[in-house]
Amino acid sequence: MTRHMIHKPERPRVAPNLTDYARERAEFSWSKARERLAGLPGGGLNISYEAVDRHVAEGRGGRIALRCVRRDGSVDTVTYAELALESNRFAHAMRTLGVGRGDRVFTLLGRCPELFTAVLGTLKSGSVLCPLFSAFGPDPVAQRMTLGNARVLVTTAALYRRKVAPVRERLPELEHVLIVGEPSDPLPGTQSFDALLARASEEFAPVHTEPEDMALLHFTSGTTDVPKGAVHVHEAVVAHHVTAAYALDLHPDDVYWCTADPGWVTGMSYGIIAPLTHGVTLVVDEGDYDARRWYRILSQERVTVWYTAPTAIRMLMRSTPREGPYDLPRSFDLSALRFIASVGEPLNPEAVVWGEEVLGLPVHDNWWQTETGCIMIANFAASPVKPGSMGRPLPGVEAAVLARGADGRAIRGPVRVLEEPDQEGELALRPGWPSMFRGYLHAKERYAGSFADGWYLTGDVVRRDAEGYFWFVGRADDVIKSAGHLISPFEVESALLEHPLVAEAGVIGRPDETAGAIVKAYVSVRPEAVPDDRLRRELIAFARQRLGPAVAPREIAFDQHLPHTRSGKVMRRLLRARELGLPEGDLSTLETPSEETS
Amino acid sequence: MNAMTRTTAYEIVQDAIREIVPDADFSAVGPDDKYREALEIDSLDFESLVELLAERTGLRIDEDDYPRLTTLGDAADFLAERQS
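If you're wondering where the values come from, they're calculated on a predicted model, not measured in any experiment. (Residues numbered from 1 in each chain as written. Chains lettered and ligands numbered in written order. Predicted model: local features only at pLDDT ≥ 70, side-chain atom pairs only at ≥ 80, totals over all residues. Heavy atoms only, no water.)

## Observations concerning the overall build of chain B
Right, on to step 1. On a plain count of helices and strands, chain B comes out with four helices and zero strands.
Right, on to step 2. Over its C-alpha trace chain B gives a radius of gyration of 12 Å, about what one expects of a compact globule, namely 12 Å for 84 residues.
Right, on to step 3. If you line up chain B on its principal axes, its C-alpha atoms span 30 × 25 × 20 Å.
Right, on to step 4. The proportion of buried residues among the 84 residues of chain B is 54%.
Right, on to step 5. In chain B, the proportion of contacts linking residues at least 24 apart, taken out of those at least 6 apart, comes to 56%.
Right, on to step 6. Within the structure as shown, chain B displays about 4100 Å² of accessible surface, and the carbon and sulfur contribution to it stands at 44%.
Right, on to step 7. When the 8 positive and 21 negative side-chain charges of chain B are each reduced to one mean point, those points stand 5 Å apart. (Helix = DSSP H or I, 4+ residues; strand = E, 2+ residues; numbered from the N terminus. Rg over C-alpha atoms; globule rule 2.2 N^0.38 Å. Buried < 20%, exposed > 50% of the residue type's maximum accessible area, 1.4 Å probe, protein only. Contact = heavy atoms within 4.5 Å. Areas by Shrake-Rupley, 256 points an atom, 1.4 Å probe, with all protein chains shown as cover. Lys, Arg positive; Asp, Glu negative; His and termini not counted. Charge placed at Lys NZ, Arg CZ, Asp CG, Glu CD.)

Following this line, the structure appears as structure tokens:
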């Protein structure tokens, strides 16, 4: 732990939204927060109306909503008025297809203008939007679409060919596939996004949705079972809006860039919804990470607020170490930039300080997860930053540290809140904020199992210091946090077990300087197999084909003696201890005496 | 070290990519194609690829050189040129 603290200038360029933390927390209420939104004309609440139509109705339609940077560096702009009309067309098209209230529309897209059209149009039509990560392979794609009852999919020809066509027959509920862009060859069973929208009317009044109507479905990874579909409702927009003001310090004239992929919750809550509700201009980069490209975008687009991920910051650090020289960032004009935030996995203190020294601004880490729907704990623009800490709970958020039992999770019946500072325990939150998930789709018991005595149990182990700052310690379960994504070891193990020569697999996160952790698989092979380099490569290829690069193991080690629990499951925690080189004597403290419960 | 021919450089690039994407189909990815998209090489994969290339050639490869690694042909040209 570092004692170093970064203080803020007395007179910042822009007056922060949250200055007096204690007073704001004392006076805050979610019902007052709701008054900051417009609400649907005639009653009700719809995310899409708050994100676009409201601005048009209030005379801000000419403002630029999107600046889409194409791979080749060219830029397309979309105004709020254009976005309102395009999303009207999409909503209208859904209606002509007979897709309506509660139906699930999936996106498998990169960062392109059509993504915004589809997301906002879906919400406007009363349907439910579920984004998928385009680096998923066919297996995770098919599984999530099945669990989520996908009726519509919006994707590109390349992604469809690679990830959906091979599994299409496993998706009987999928009726409509809309292809963005011009396919080089005809794709049976699909239709053109552009052609469908060209035929649709640009007149559409948002479907009347109530605050508690389902709006978004986000899949997240569990440790021992299939992915969980976290259900969010239209009222979530209240939390998206308010937290973006507090934790990202968004002001209406900002140029804002969120680098998160739209397939994850950050890319939805803060890559699309929250910034649009503030009427800011969003930079949308279609390209991949590249240090020079990123500095160029920050500079050319005059980005003022930047929300990115620890892995990205650490990659920038590799190209420009703290010791210097700072030639690369200094060759760009970054003077517009005034606030940097980061989320995904804990941000190491060095990365915070690197921001301060190399970019002239500290990086503000914050914490939340798919289930919470919005930022819960953050370092704020007007507060000192403790490098390495995730910050303090937002106004309206009550967080606690709960004592843990032998299985690593919070003790139940009853829970025990650790009031003293600097004690490690499971981070728990008191439900009541609007973007709290309302359930796991088709999984009532798993949802109920996430709560104890009125607390939502996050699965993260933290401690809180005497000044109320929270510090991440680790996961209470086996889920892997890699490059900002949660990866289920179960999902990776299941894919490897489909290979005929694999007898057993145990998957863990191996600590990695850049990504936080990378996925590593320990594999024992069947008697007839030879565990050599050829098989190792074959398994990597096999897993990449099924799971995609983001989920597949980047390392495979053969081990014919994987450790087991008494019930016969592979003990991932013991594999982790081995990986970290912990001495044998320490293992007893890592393990529960009888069996691994996760 | 002897100067690397372009052919050798091309093979080094292909071999390094095969370490990350073992079943990379080079019959479908030509010298002028952007292999990262075609083979789904993400940012972390790409960092590993650069490290492998640096290790195997003994060359220093900086961030500024990344644009020269966009296609197989470019990457081979770059390595051969640097080595000579």
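On we go from here.
## Regarding the interface of chain B and chain A
Right, on to step 1. On the side of chain A, 27 residues touch chain B, which itself brings 21 residues to the contact.
Right, on to step 2. Both sides together, the interface formed by chain B and chain A hides about 1900 Å², and carbon and sulfur atoms give 43% of it.
Right, on to step 3. The largest contributions to the chain B side of the interface with chain A come from Glu-40, Leu-44 and Glu-63 of chain B, which together make up 33% of the buried area.
Right, on to step 4. Taken together, the links from chain B to chain A amount to 11 salt bridges.
Right, on to step 5. Here Arg-318 of chain A ties to Glu-51 of chain B by a salt bridge, and the two come within 2.5 Å at their closest N and O atoms. (Buried area = accessible area lost by both parts, 1.4 Å probe. Salt bridge = Lys/Arg side-chain N within 4 Å of Asp/Glu carboxyl O.)

## As for the packing of aromatic side chains
Right, on to step 1. One pass over the structure, following the stated rule, counts 22 aromatic pairs over all chains.
Right, on to step 2. Measuring from ring centre to ring centre gives 5.7 Å for Phe-451 of chain A and Tyr-456 of chain A, while their planes differ by 55°; the resulting arrangement is tilted.
Right, on to step 3. On the basis of an interplanar angle of 90° and a centroid distance of 5.3 Å, the ring pair of Phe-46 of chain B and Tyr-66 of chain B is categorised as edge-to-face. Taken together, the positions of Phe-46 of chain B in helix 3 (residues 43-57) and Tyr-66 of chain B in the loop between helix 3 and helix 4 (72-83) put the pair 20 residues apart, joining distant regions of the chain. Here Phe-46 of chain B matches Tyr-66 of chain B in class, with each residue buried.
Right, on to step 4. An aromatic cluster is present here, built from Phe-437, Tyr-440, Tyr-447, Phe-451 and Tyr-456 of chain A joined pairwise through their rings.
Right, on to step 5. Cation over ring: Arg-392 of chain A sits above Tyr-21 of chain A, and NZ or CZ is 4.0 Å from the ring centre.
Right, on to step 6. Sitting over the face of the ring of Trp-455 of chain A, Arg-430 of chain A holds its NZ or CZ atom 4.1 Å from the ring centroid. (Phe/Tyr/Trp six-rings, centres within 6.5 Å; stacked < 30°, edge-to-face > 60°. Lys NZ or Arg CZ within 6 Å of the ring centre and 35° of its normal.)

## Some remarks on the sheet that holds strand 26 (residues 516-525) of chain A
Residues and elements named next belong to chain A.
Right, on to step 1. In spatial order, the strands read 25-26-27; together these three strands make up an open sheet with mixed pairing. Both edges of this open sheet fall to strand 25 (502-512) and strand 27 (555-558), since each of them pairs with a single strand only. The mean angle between the axes of side-by-side strands here comes to 25°, regardless of whether they run parallel or antiparallel.
Right, on to step 2. In the sheet, strand 26 pairs with strand 27 via four bridges, with the strands oriented parallel. By the bridge assignment, Ala-521 is partnered in strand 27 with Ile-556.
Right, on to step 3. Taken strand by strand, helix 17 (residues 533-547) contacts strand 25, strand 26 and strand 27, and its axis lies near 135° from that of strand 27.
Right, on to step 4. Sitting on the sheet, helix 18 (residues 572-579) touches strand 25 and strand 26, and the angle it makes with strand 25 is about 50°. (Pairing = 2+ DSSP bridges. Axes fitted to C-alpha atoms, helices over the stretch in contact; angles between N-to-C directions.)

## Quick look at the side chain of Arg-151 of chain A
Right, on to step 1. Note on placement: Arg-151 of chain A falls in strand 5 (residues 150-156).
Right, on to step 2. Contacts of Arg-151 of chain A, omitting those with residues within four sequence positions, involve Leu-97, Gly-98, Val-99, Asp-103, Arg-104, Glu-173, Leu-174, Glu-175 and His-176 of chain A.

## Topic: the sheet that holds strand 13 (residues 339-342) of chain A
Residues and elements named next belong to chain A.
Right, on to step 1. Taken together, nine strands build an open sheet; the order of strands is 2-1-11-10-12-13-14-15-16 and the sheet is mixed. On the outer flanks of this sheet lie strand 2 (75-79) and strand 16 (392-393), each paired with one strand and no other.
Right, on to step 2. Bridge count for strand 1 (residues 64-69) against strand 11 (residues 281-285) is four bridges, and the pairing is parallel. Looking across to strand 11, one finds that Arg-67 is bridged to Val-283.

## Notes on the packing of helix 12 (residues 310-319) of chain A against helix 14 (residues 349-359) of chain A
For any two helices packed against each other, one specifies the crossing angle of their axes together with the interaxial distance.
Residues and elements named next belong to chain A.
Right, on to step 1. Contact pair helix 12 / helix 14: the axes reach a minimum separation of 10 Å and the direction vectors enclose 65°. Remark: the crossing between helix 12 and helix 14 carries left-handed chirality. In this structure, helix 12 contributes Ile-313, Leu-316 and Met-317 to the contact, and helix 14 contributes Glu-350, Ala-351 and Trp-354.
Right, on to step 2. For the contact of helix 12 with helix 14, the residue count by class is five nonpolar, no polar and one charged. (Left-handed = near helix turned anticlockwise from the far one by under 90°. Nonpolar A, V, L, I, M, F, W, Y, C, P; charged D, E, K, R; others polar.)

## Some thoughts on the domain arrangement of chain A
Residue and element names in this part refer to chain A.
Right, on to step 1. As far as domains go, chain A holds domain 1 (32-460) and domain 2 (480-590).
Right, on to step 2. Domain 1 and domain 2 are separated by 29 Å when their C-alpha centres are compared.
Right, on to step 3. Opposite the 27 residues of domain 1 that make contact, domain 2 presents 25 residues.
Right, on to step 4. Regarding the contact of domain 1 and domain 2, the summed buried area is about 1900 Å², with carbon and sulfur atoms giving 52% of it.
Right, on to step 5. At the surface where domain 1 touches domain 2, the tally comes to two salt bridges.
Right, on to step 6. For Arg-144, the salt bridge identified is with Glu-491, shortest N-O distance 2.9 Å.
Right, on to step 7. Inspection of the domain 1/domain 2 interface yields 11 residue pairs in polar contact (both at pLDDT 80 or more).
Right, on to step 8. Those elements that provide at least two residues to the side of domain 1 that touches domain 2 are helix 6 (138-147) and helix 12.
Right, on to step 9. When grouped by side-chain class, the residues that make up the side of domain 1 that touches domain 2 number 10 nonpolar, nine polar and eight charged. (Domains from an automatic or database assignment. Polar contact = N/O pair within 3.5 Å; in protein donor to acceptor, adjacent residues only side chain to side chain.)

## Thoughts on the nonpolar core
Residue and element names in this part refer to chain A.
Right, on to step 1. The biggest cluster of nonpolar side chains holds 96 residues, and the ones touching the most others in it are Val-154, Leu-248, Tyr-256, Tyr-270, Leu-276 and Tyr-307.
Right, on to step 2. In contact with Tyr-256, other than residues within four places in its own chain, are Leu-248, Leu-250, Tyr-270, Pro-275, Val-280, Thr-281, Leu-282, Val-283, Val-305 and Tyr-307.
Right, on to step 3. Judged by nonpolar contacts, the second largest core, of 51 residues, contains Phe-133, Leu-217, Leu-535 and Val-551. (Core = buried A, V, L, I, M, F, W, Y, C linked by side-chain atoms within 4.5 Å.)

## Section: the UniProt feature "domain: AMP-dependent synthetase/ligase" (unreviewed entry) in chain A
Right, on to step 1. Mapped onto the present numbering, the UniProt feature "domain: AMP-dependent synthetase/ligase" (unreviewed entry) falls on residues 55-441 of chain A.
Right, on to step 2. Between the first and last C-alpha atoms of residues 55-441 of chain A the distance is 33 Å; the span itself is 30% helix and 22% strand. (UniProt positions renumbered as here; feature names shortened; annotations may be inferred.)

## Observations concerning the state of the cysteines
Covalently bonding the sulfur atom of one cysteine to the sulfur atom of another cysteine gives a disulfide.
All names here are of chain A.
Right, on to step 1. Scanning all chains against the criterion turns up zero disulfides over all chains.
Right, on to step 2. Cysteine Cys-112 is unpaired, with the sulfur of Cys-68 as its nearest cysteine sulfur at 7.9 Å.
Right, on to step 3. Free cysteine Cys-374: the closest other cysteine sulfur is in Cys-258, separated by 14 Å. (Disulfide = S-S within 2.5 Å.)

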